[in-house]
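Coordinate analysis (summary)
Listed below are the residues making up each chain.
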Amino acid sequence: MSRDVALREFSIPFIGLKLGETSFDFEIGDKFFTYFEGSEPTEGSNIQVEMVLDKRPNMMVLDFYVEGTIKATCDRCLNDIDQELLDEFTVYVKFSHETGEMEDEDDVVFIPANETHLDVSQLVYEFVTLSIPFQKGCRAEEIGGPKCNKEILAKLGFFSDEKGEDDNDDNNDEDIDQRWSALKKLK
Ligand SMILES: [Zn+2]
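Here we summarise the structure given alongside this text. Note that the structure is a prediction, hence the values are computed from the model and not measured.

Conventions we followed
Residues numbered from 1 in each chain as written. Predicted model: local features only at pLDDT ≥ 70, side-chain atom pairs only at ≥ 80, totals over all residues. Pairing = 2+ DSSP bridges. Helix = DSSP H or I, 4+ residues; strand = E, 2+ residues; numbered from the N terminus. Axes fitted to C-alpha atoms, helices over the stretch in contact; angles between N-to-C directions. Contact = placed C-beta atoms within 7 Å. Core = buried A, V, L, I, M, F, W, Y, C linked by C-beta atoms within 7 Å. Buried ≥ 20, exposed ≤ 12 C-beta atoms within 10 Å, placed from the backbone.

Turning to the sheet that holds strand E3 (residues 46–55), a few remarks are in order. Pairing is mixed in the open sheet, where five strands are placed in the order E2-E3-E4-E5-E6. A strand with exactly one partner marks an edge of an open sheet, and here the two such strands are strand E2 (20–28) and strand E6 (108–112). Going across the sheet, the axis of each strand differs from the next one's by a mean of 25 degrees, ignoring polarity. One ladder, built from five bridges, connects strand E5 (residues 80–96) with E6; its direction is parallel. Its bridge partner being in E6, Phe95 is matched across the sheet by Ile111. Contacting E2, E3, strand E4 (59–73) and E5, helix H3 (residues 121–131) runs over the sheet at an angle of about 45 degrees to E4.

What follows is the structure, given as structure tokens:
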């Protein structure tokens, strides 16, 4: 399937929409990512994106709700996990009467005033990518669960440190060093 055909559903014929909110649903799988340059290969992505387009007389407001899972490796115990994605983004679409290209701002997209369609594929790609957490990990209730690599977790001090889940692992190196030296003394 060519890129144009595959991404056709992302071309929104907003000119025909009534004023007010219209909702669009997109199913995002691994194939979707391959249409974008520089995309990391993904596995097992099962992502739903709902876009609510609020058409107003002089502009449009787009709310994107990203929800789903993507296969990843837990940073802590190296488990294969379904990393959950949950995020939302807002973009303002304004019509430009200027000739030539308008520079897009942070959350504002400019399109020519005589435009009839809006291609949201790039926006969907960017928002799905942004919703993938930089640090990937098992959910709290999975830590130490049947799928978890307990050996590695023990080395990281997950069973001796009952302070709960702490995403700031800065002080862990020292903890581990102390445990290792304690182990060495046992030899
Ligand atoms: Zn884990």
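Now that the structure has been shown, the text picks up again.
Take the nonpolar core next. Ranked by size, the top nonpolar core spans 25 residues in total, and within it Ile47, Val49, Leu62, Phe64, Val66, Val124 and Val128 carry the most contacts. Of all the secondary structure elements, the ones that give two or more residues to this core are E3, E4, E5 and H3. With six residues, the top contributor of residues to this core is E4. In contact with Val66, other than residues within four places in its own chain, are Ile47, Val49, Leu85, Leu86, Asp87, Glu88, Phe127, Val128 and Ser131.

Two faces make up the sheet, and in a regular strand the side chains alternate between them. Bridge count for E4 against E5 is 15 bridges, and the pairing is antiparallel. Considered in E5, the bridge of Gly68 is made with Leu85. The hairpin turn running from E4 into E5, its antiparallel successor, is six residues long, and Leu78 in that turn takes a positive phi close to 65 degrees.

Limitation: the analysis is restricted to geometry and does not speak to function.
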